[in-house]
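Remarks on the overall topology
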Amino acid sequence: MRGVFLLTDYRKFRWKNRNTSEFKHLKLLWYWPFYGIVFFLLERGLKLSYHPVHCSLDDTIPFCEYFLIPYYFWFVYLIGMFVYTLLEDTECFRRLMVFIMITYTVTCVIYLIYPTCQELRPTIFLRDNVWMNVVKFLYVFDTNTNVCPSIHVIGSLAVLFASWHTPRFHCLKWQMFFWFSAILICLSTVFLKQHSVIDIAVAIPLCILAYPISFGKNLIQSEVKLNERN
């Protein structure tokens, strides 16, 4: 699973050489504003007919506000890996971006073709603490629409997969950290009643299908050959 470690010297970056093989991977960053606009339109701009997602297993999972910690840690988890690979491992950054572009784009298409929502959020809170206040803010800020597949789950697996291909994270303690974090983040989506178990179940096979395309040998070999020519 180990890739070839490539480091870009950004001190050499100039606008005129943005299209060179050394820096053209930076163009992949344009996907984020594109995705942000599309996701905003799906969330706020379009009036869609949503289909509730629910299964019997959802009813057996209790609400637990303390899962806010891994739920919000997802942002550090995802952004941290992107920043690290961008600065320290160019090859892994490219593959991580390809994975995200595939899975997030497919997810947006699914949201458009089959809009989903969840009706799992509690209407009455039995406890009154600071965690509950944050949960209430989360429910106001984050809509309960476009939930299947779960972006939280996809992003968590993206980071986990990237850790397999980054030399610094090959040791056991790092792999335990990434596995543990990914599992907790996925669990947080259902314990906070942000997602149904179905949303996780749909996200996992999507990630499995995207993995060989983005992290497979063909992409690795093409990138190595490109860098050998330069």
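Everything below is about the structure shown above.
I will try to describe carefully the structure that is included in this document. Since the structure is predicted, the reported quantities are computational estimates derived from the model, not experimental observations.

Let's talk about the overall build of the protein chain
The helix and strand inventory of the protein chain stands at nine helices and two strands. The linear arrangement of helices and strands in the protein chain, starting from the amino end, is α-β-α-α-α-β-α-α-α-α-α. Taken over 230 residues, the protein chain has a buried fraction of 48%. Considering only intrachain contacts with a sequence separation of at least 6, the fraction spanning at least 24 residues in the protein chain is 84%. Total accessible area on the protein chain stands at roughly 12600 Å², and carbon and sulfur atoms take up 70% of it.

Remarks on the environment of Phe 215
Secondary-structure assignment places Phe 215 in helix α8 (residues 197–215). Phe 215 gets classed as buried once you look at its relative accessible area, which sits at 2%. Separated by 54 residues in sequence, Phe 215 and Phe 161 place their C-alpha atoms 8.1 Å apart.

Remarks on the packing of aromatic side chains
Using the criterion set out here, one finds 35 aromatic pairs in the structure. Consider the rings of Tyr 71 and Tyr 72, whose centres lie 6.0 Å apart with planes at 90 degrees: the pair is edge-to-face. The class of Tyr 71 is buried, set by a relative accessible area of 4%. The exposure class assigned to Tyr 72 is partly exposed, which follows from its relative accessible area of 28%. Here the aromatic cluster, defined as three or more aromatic residues joined through ring pairs, consists of Tyr 31, Trp 32, Phe 34, Tyr 35, Phe 39, Phe 82, Phe 93 and Tyr 104.

Concerning the environment of Thr 105
Considering the arrangement of structural elements, one finds Thr 105 in helix α4 (residues 90–113). Note on Thr 105: relative accessible area 33%, which makes it partly exposed. Distance in space between the C-alpha atoms of Thr 105 and Tyr 35 is 7.7 Å, their sequence separation being 70 residues. In this structure, Thr 105 is in contact with Tyr 31 and Ile 100, ignoring residues within four places of it in sequence. In this structure the side chain of Thr 105 is engaged in a polar contact, spanning 2.5 Å, whose partner is the backbone oxygen of Met 101.

Describing helix α6 (residues 151–164)
Between its first and last C-alpha, α6 extends 20 Å over 14 residues, near the 20 Å set by a 1.5 Å rise per residue. With 14 of 14 residues buried, α6 is to be regarded as a mostly interior element. Between the side-chain oxygen of the N-cap and the backbone nitrogen of His 152 there are 3.3 Å, and the N-cap of α6 in question is Ser 150.

Focus on unusual backbone geometry
Pro 149 follows Cys 148 through a cis peptide bond whose omega is 5 degrees. Looking at the element boundaries, Pro 149 is found in the loop between α5 (130–141) and α6. Unusually for a residue other than glycine, Lys 193 sits at a positive phi of about 60 degrees. Tracing the backbone through its elements, the reader meets Lys 193 in the loop between α7 (172–191) and α8.

What to know about the packing of helix α1 (residues 31–45) against α4
Interaxial distance between α1 and α4 falls to 11 Å at its minimum, and their mutual angle equals 15 degrees. By the angle between their axes, α1 is roughly parallel relative to α4. Our pair here, α1 against α4, has a crossing hand that is left-handed. Contacts between α1 and α4 involve Tyr 31, Trp 32, Tyr 35, Val 38, Phe 39 and Leu 42 on the former and, on the latter, Met 97, Ile 100, Met 101, Tyr 104, Thr 105, Cys 108, Tyr 111 and Leu 112. Each residue belonging to the contact of α1 with α4 can be placed in one class, and the counts come to 13 nonpolar, one polar and no charged.

Rules of the game
Residues numbered from 1 in each chain as written. Predicted model: local features only at pLDDT ≥ 70, side-chain atom pairs only at ≥ 80, totals over all residues. Heavy atoms only, no water. Helix = DSSP H or I, 4+ residues; strand = E, 2+ residues; numbered from the N terminus. Buried < 20%, exposed > 50% of the residue type's maximum accessible area, 1.4 Å probe, protein only. Contact = heavy atoms within 4.5 Å. Areas by Shrake-Rupley, 256 points an atom, 1.4 Å probe, with all protein chains shown as cover. Phe/Tyr/Trp six-rings, centres within 6.5 Å; stacked < 30°, edge-to-face > 60°. Polar contact = N/O pair within 3.5 Å; in protein donor to acceptor, adjacent residues only side chain to side chain. Expected span 1.5 Å × (residues − 1). Axes fitted to C-alpha atoms, helices over the stretch in contact; angles between N-to-C directions. Parallel < 35°, antiparallel > 145°, perpendicular 65-115°, else oblique. Left-handed = near helix turned anticlockwise from the far one by under 90°. Nonpolar A, V, L, I, M, F, W, Y, C, P; charged D, E, K, R; others polar.

Purely geometric numbers; function is a separate question.
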